[in-house]
Amino acid sequence: MSMGSDMYRQQILDHYRNPRNTGELPDPTFTHEGYNPSCGDELAFDVELAADGETVERVAFRGEGCAISQASASMLTQELPGMTLEEVKALDREDVLDLLGVEVTPMRIKCAVLAEKVVQDGAKIYEGEADVDRTSTED
């Protein structure tokens with residue numbers, strides 16, 4: 001195991017134990033939640049857009065689950081502010097895995113991408129492009 005991956009493991013544990021931007025926003029532009037049935041992860045995100053209606057201003061999340069799902073949610077809340085909804089919707093699995101910085105086993109991919117999928121579905125619902133009650137990693 002390289003020093004690099006060890007450092008990332010520490011970072012994941014730190015985000016898991018001390019998640020950033022948890023809780024609720026007082027006046028979110030949209031809120032969406034989702035779950036990963038295979039692991040039992042549950043996440044809900046509040047997103048507040050700037051006055052332009054395009055750019056993410058603030059993000060908060062709450063939920064429970066494994067270290068990978070919680071760390072990726074925490075990390076995502078730090079990455080999203082300043083991004084436009086188009087940029088958010090363009091994120092893919094690789095972007096999340098780059099954030100985490102560790103090899104994620106196929107079984108754990110769904111844990112890693114849950115946060116991203118929840119925020120992306122929330123953005124699509126907000127923009128009238130989708131109608132999803134709760135996001136699931138099974139879809």
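Structure: see above.
Owing to the predicted nature of the structure, the values given are computational and were not obtained by experimental measurement.

Novice: Go over the overall build of the protein chain, please, and point to the residues and values.
Specialist: A tally of helices and strands in the protein chain yields five helices and four strands. Computed over C-alpha atoms, the radius of gyration of the protein chain comes to 14 Å, within 12% of the 14 Å expected from 2.2 N^0.38 for 139 residues, which places it in the range of a compact globule. In terms of its C-alpha atoms, the protein chain occupies a principal-axis envelope of roughly 45 × 30 × 25 Å. Going through the 139 residues of the protein chain one by one, you find that 43% of them count as buried. Partitioning the intrachain contacts of the protein chain with sequence separation of at least 6 by distance along the chain shows that 63% fall at a separation of at least 24. A total accessible area of about 7300 Å² is found for the protein chain, and carbon and sulfur atoms account for 46% of it. Across the protein chain, the mean location of the 12 positive side-chain charges is 7 Å away from that of the 29 negative side-chain charges.

Novice: Outline the sheet that holds strand β2 (residues 41-49), listing residues and values.
Specialist: The sheet built from four strands is open, its strands ordered β3-β2-β1-β4 with mixed pairing. In this open sheet, the two strands that pair with only one neighbour each are β3 (56-64) and β4 (135-136). Pairing of strand β1 (residues 30-36) with β4, which is carried by two bridges, proceeds in the parallel orientation. Looking at β4, one finds that Gly34 is bridged to Thr135. Packed onto the sheet, helix α5 (residues 106-126) meets β1, β2 and β4 and runs at close to 145 degrees relative to β1.

Novice: Please provide a residue-by-residue account of the side chain of Asp46, values included.
Specialist: Here Asp46 shows up in strand β2. Judged by relative accessible area, Asp46 falls into the buried class, the value being 2%. There is a polar contact of 2.9 Å between the side chain of Asp46 and the backbone nitrogen of Leu25. One polar contact links Asp46 to Thr31, side chain to side chain, over a distance of 2.9 Å. With residues up to four places along the chain from it excluded, the contact list for Asp46 reads Gly23, Glu24, Leu25, Pro28, Phe30, Thr31, Arg58, Val59, Ala60 and Arg62.

Novice: Before we move on, could you go through the packing of helix α2 (residues 67-79) against α5 and cite the residues and values that matter?
Specialist: Here α2 crosses α5 at 35 degrees, and the two axes come no closer than 8 Å. Regarding α2 and α5, the two cross each other, and that crossing is right-handed. In this structure, α2 contributes Ile68, Ser69, Ser72, Ala73 and Leu76 to the contact, and α5 contributes Arg108, Cys111, Ala112, Ala115, Glu116 and Val119.

Novice: I'd like a description of helix α4 (residues 93-100), backed by residues and values.
Specialist: Burial in α4 covers these residues: Val96, Leu97, Leu99 and Leu100. The buried residues of α4 all sit within an arc of 155 degrees when viewed along its axis, so they share a single face. Where α4 starts, the residue carrying a side-chain oxygen 3.0 Å from the main-chain nitrogen of Glu94 turns out to be Asp92. Where α4 ends, the next residue or the one after it, Gly101, has phi of about 75 degrees, a positive value.

What counts as what
Residues numbered from 1 in each chain as written. Predicted model: local features only at pLDDT ≥ 70, side-chain atom pairs only at ≥ 80, totals over all residues. Heavy atoms only, no water. Helix = DSSP H or I, 4+ residues; strand = E, 2+ residues; numbered from the N terminus. Rg over C-alpha atoms; globule rule 2.2 N^0.38 Å. Buried < 20%, exposed > 50% of the residue type's maximum accessible area, 1.4 Å probe, protein only. Contact = heavy atoms within 4.5 Å. Areas by Shrake-Rupley, 256 points an atom, 1.4 Å probe, with all protein chains shown as cover. Lys, Arg positive; Asp, Glu negative; His and termini not counted. Charge placed at Lys NZ, Arg CZ, Asp CG, Glu CD. Pairing = 2+ DSSP bridges. Axes fitted to C-alpha atoms, helices over the stretch in contact; angles between N-to-C directions. Polar contact = N/O pair within 3.5 Å; in protein donor to acceptor, adjacent residues only side chain to side chain. Left-handed = near helix turned anticlockwise from the far one by under 90°. Arc of directions from axis to C-beta.

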